[in-house]
Amino acid sequence: MRLRDLDWWLLGVVLLITVMGVAEIHSATLGTRFAAVWVKQVYFAVAGLVLLVVASQIDYKLILEASPWLYGVSVAGLAAVLVLGKAVFHSRRWIPVAGSHLQVSEFVKLVIIVVVARYCGEARLSLTWSDVGRVVALVGLPAGLVLLEPDLGTALTYVPIAAMGLVLGGMRWRQLGLLALGGLLMMPLAWHEMHPYQRERLVGFMEPQTDPLGRGYQVLQSKIAVGAGGMWGQGMAQGSQTRGEFLPVPHTDFIFAAFAEEYGFAGGLLLLGLYLLLLMRLIHNAQLAPDRSAGMVVMGVVAVLAFHVLINVGMVVGLMPVTGIPLPLMSSGGSSLLFTFAALGLVMNIRRARFVN
Amino acid sequence: MAQVLDRKDKLPGGRLRLVEWAILVGFLGLVFGLWQLQILQAARYAALAQQNRIRTEPIPAPRGRIYDRQGRLLVDNYPSFTAYLLRDQGGNWRADLPAIARGLFLAPEAVQAEIQHYRSAPVYQPIPIKQDITAADEAFIAAHRDQFPELETIMASRRLYPKNGFAANLIGYVGEPDEKQIASGQLRPGAIVGKSGLEAYYNQQLTGVDGERRVLVDARGRVMGTLSDRPPQPGQDLHLTLDEAVQMAAETALGNRPGAVVALDPRTGGVLAMVSRPTFDPNLFAQGLSAQQWSAWVNDPDRPLLNKAIQAQLAPGSVFKLVTAVAGLQQNVAENKTVDCKGVFYYGAHAFHCWVWSRPEPPHEHGVLDIQQAITQSCDVYFYTLGSELGISLIDKYALAMGLGQRTGIDLPQEAKGLVPTPAWKEARFHQPWYKGETVSVAIGQGATTVTPVQLARLIAGIASGGHFPRPHLAQGAPDTGGFDLPLTAATVDTITAGMRGVVNPGGTAASAHLQGVDFGGKTGTAQTISDVGLRTLAGRARRAYVDNAWFVGVSPVRNPEIAVCVLFQRGAEGSFAARIAAQVVQAFYRSQAAGSTAE
């Protein structure tokens, strides 16, 4: 594969967002104990770029074929984290790799995309209920394991992958409606099963003013940061909410709030525009994919990225509850960055294959 | 493009469009959210952001200092730190309270009570939870800045009063504003306000304008920078007519005896010394008074918190004879009048005795006296006779004209008026007519008449100065609003002053108060606090509680005096005891004059 085969448009947008992310991490953590995090983010971005190039060299068909094995390893990995994680690493989300903590569930996302793409991509005009059931089970098993960690946010990101597969795989509207209804009916049960901190987050989201220093604190401070940004923002490293550490975790989950405080509505619009460009470019690539499964893989990536952006920014502006879902390419964190670059590498490979019959 | 794909191998286009639209709608939702926050409500959130990070700290203005007439410092301020609770600093301050109370060695209930006190104050109002904190408290607060961001120290300037209650009753004390003042918005909680004495009377002048520092803070309450600094304007200093040396002499001379001393400059009315006993330590108020100490003071029958120099209303006793004498001389009844004192005066069937009648050793009569001798020997019979001749309305007229029965207008709060009994007063008060026999008692200062020490000091000052009665005052430059003149004839002044000079010379009632080489004179008074009949029913301790009050009013020099002194020695039995106290004050006055200029 030659370099000109890469999707330079896509790569350009991705690198632009990543650079903006590094700059924002730097600006948001100045003078705090996270001040060195942006350097780490640069290392991860470089590693991600390498990963992207490597992934683009691997024939996606091999990956699709290997997907049952990958799936098996993933479920086993998640189970291992669940069992060993607590005892060995005092956390059930992370395993230490090369001095850094990597989140297994992030990479499982990639495997689920491939598995769902393979299952739903097989040319069929419509899905039977048993097909639907299999897809739900396929995604439900790892999602359940992640939920037990407990990591509701990541578990939720598996859902749009399944939904995307079902919608594009030919599921009938009636089936979709019934499934959505079933999901709705499950909500009281979900509430019952939630951890107290998760419930508090939901309540805090619903009425942030009731207890501004307790549950609703994060949401309120985030909204204040965004609102205080105004039209043009307060300038780089000038946001008082961020500088004064009123904004919680301004370099990870709430990085969009820090960005919006510094660059205002104009900056926020630009960033959202870049994400939209990225997603539309991916959908364009999906249409060009040599076969349905390949297109489905690209759309799986679209589903995950769109979900992340919508939920994360929605949370920052107070339209969504606090879930701990990072903003792709912006939020500080190696796992999320590596996943995104790896997924885009896969897309690059599929794009290259459009010329091959 | 070289697309050779089977149609069934393509993704369903319709559903792809649908996904595109769904994403687009989601993004539009986000843009809507941003637009709402950053455009529509930008001002509101900008204000909230400011509220988050800007904290306003008051910089209390130091109160004005108080100096004596020679510029000697009487009341100063000292810097002190107060621990405050900031309720708007995030964190759960309520949950932290027990730990904070422990760290500052406070009872948790006391902290709760203090916070309860501020429940209606706005959240940004800091609550003082410990005044005058120690170095250990400061260290605790500094070490727990991260844990208790709501805990802050603010420097305040605190009152430092003289020790041992020196001049305490006239200086007064300061405290926190009462609930009414806070509710009316006049004063903020934690402000310092004068509660009594000069501190209260001159509160406005002494109070400065608090400064304000607006600082930028982060989420943990750490100060990141100062936005603006409005320095406090200190209160104006107060310069008194008081002479510290004379005050000290008066304090020492009165000692622990219950009573009061007032010394003033008859030419101006400026107060040179003012003592009230028993007294209190106003520094205890500044440090936070215990409820125990407060109730001890309030319940003490000798009322240490009162300033008796202006608030004690007691019968003047024989000092009042000066009023009767002035009335008699001004009315041209007494100048050439002599009375033969046989120790008793009969009015109708009632016998009024002279004080010589009941003394242990003879003689029990004064014999023939003129008015000057009657003043020197304080002959009751002379003044019984003169008083009943003058009648109550003339006595009242002069008593009122010389300032009795009304406030002197001294620049202190809550001055008492005293009482000059008149037939109209008796009618209104008791619905009874005035009996002429009562006039006989009033003429020698018994009966219903009451006076305050400051009234008597001005009375004698005015008489000895020929009828100039200035307004007594403590602050230099106080407006002369309460003064008045009652022109007295030279003969009146000559006769009375000669009589008063005799009082402190052999044959006078206070010969023991004689000052060698000093032109000093005055008038003693011994006022019964209960009738003779009533006293006979009591015994022992109860009887001692009704021992006569001793008075002395004096001037020096006797003509055109430079100092007038009034001494009240409660339960002092005899006027001469009070006279010796007055003599020490006069001596100190001349020593002080010799030592430095006392120009006002």
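Basis of the calculations
Positions within a chain are numbered from 1, following the residues in the order the chain's sequence is written. Here chains are named by letter from A upward and ligands by number from 1 upward, in the order in which they appear as written. Where totals are concerned, whole chains, interfaces and linings use all residues; where local detail is concerned, this predicted model gives features only for residues with pLDDT of at least 70, and gives and counts side-chain atom pairs only at 80 or more. Per the convention used, a helix needs a DSSP run of H or I reaching at least four residues, while a strand needs a run of E reaching at least two, with both numbered from the N terminus. Residues are called buried when their C-beta atom has 20 or more other C-beta atoms within 10 Å, exposed when it has 12 or fewer, and partly exposed otherwise; all C-beta atoms are positioned from the backbone. By the convention adopted here, residues are in contact when the distance between their C-beta atoms, placed from the backbone, does not exceed 7 Å. When DSSP locates at least two bridges between a pair of strands, those strands are taken to pair. For helices, the fitted line uses only the C-alpha atoms of the stretch in contact; every axis is such a line through C-alpha atoms, and the angle between N-to-C directions lies from 0 to 180 degrees.

Novice: It is not clear to me how the overall build of chain B should be interpreted in this structure. Could you clarify?
Specialist: Each helix and strand in chain B was counted, giving 24 helices and 21 strands. Per-residue burial for chain B yields a buried fraction of 45% across its 600 residues. In chain B, once contacts between residues fewer than 6 apart in sequence are set aside, the share between residues at least 24 apart is 72%.

Novice: What is the right way to read the sheet that holds strand 1 (residues 54–59) of chain B from this model?
Specialist: Strand pairing in a sheet relies on backbone hydrogen bonds, with the paired strands running either antiparallel or parallel. Residue and element names in this part refer to chain B. Spatial ordering of the open sheet is given by 1-8-9, a layout of three strands whose pairing is antiparallel. Two strands lie at the open edges of the sheet, namely strand 1 and strand 9 (223–230), each paired on one side alone. Between one strand axis and the next, the sheet turns through 25 degrees on average, direction left out of account. Both strand 1 and strand 8 (residues 211–217) contribute to a ladder of six bridges, which runs antiparallel. Residue pairing across strands places I54 opposite L216, the latter belonging to strand 8.

Novice: Would you explain the environment of P421 of chain B in this entry?
Specialist: All names here are of chain B. Following the sequence through the fold, P421 ends up in the loop between helix 17 (392–401) and helix 18 (423–430). Residue P421 is classed as buried on the basis of its C-beta count, with 22 C-beta atoms lying within 10 Å. As a C-alpha pair, P421 and I395 span 26 residues in sequence and 10.0 Å in three-dimensional space. Apart from the residues within four sequence positions on either side, P421 is in contact with K426, V442, G447, A448 and T449.

Novice: Just to check I follow, could you spell out the pairing of strand 20 (residues 549–556) of chain B for this structure?
Specialist: Taken residue by residue, a regular strand's side chains alternate between the two faces of the sheet. Residues and elements named next belong to chain B. Of all eight residues that make up strand 20, eight are buried, and the element is covered over most of its length. The side-chain alternation of strand 20 yields two buried faces, one formed by N549, W551, V553 and V555 and the other by A550, F552, G554 and S556. By the bridge criterion, seven bridges tie strand 19 (residues 521–527) to strand 20 in an arrangement that is antiparallel. Bridge assignment links G521 to a residue of strand 20, and that residue is V555. Note that strand 20 and strand 21 (residues 563–569) share seven bridges and pair antiparallel. Looking at strand 21, one finds that G554 is bridged to V565.

Novice: How should the sheet that holds strand 20 of chain B be read in this particular structure?
Specialist: Residues and elements named next belong to chain B. Pairing in this open sheet of five strands is antiparallel, and the strands run 12-11-21-20-19 from one edge to the other. With partners counted over all chains shown, the strands left at the sheet margins are strand 12 (271–277) and strand 19, one partner each. Direction aside, the axes of adjacent strands within the sheet are offset by 5 degrees on average. Note: strand 11 (residues 259–264) against strand 21, six bridges, orientation antiparallel.

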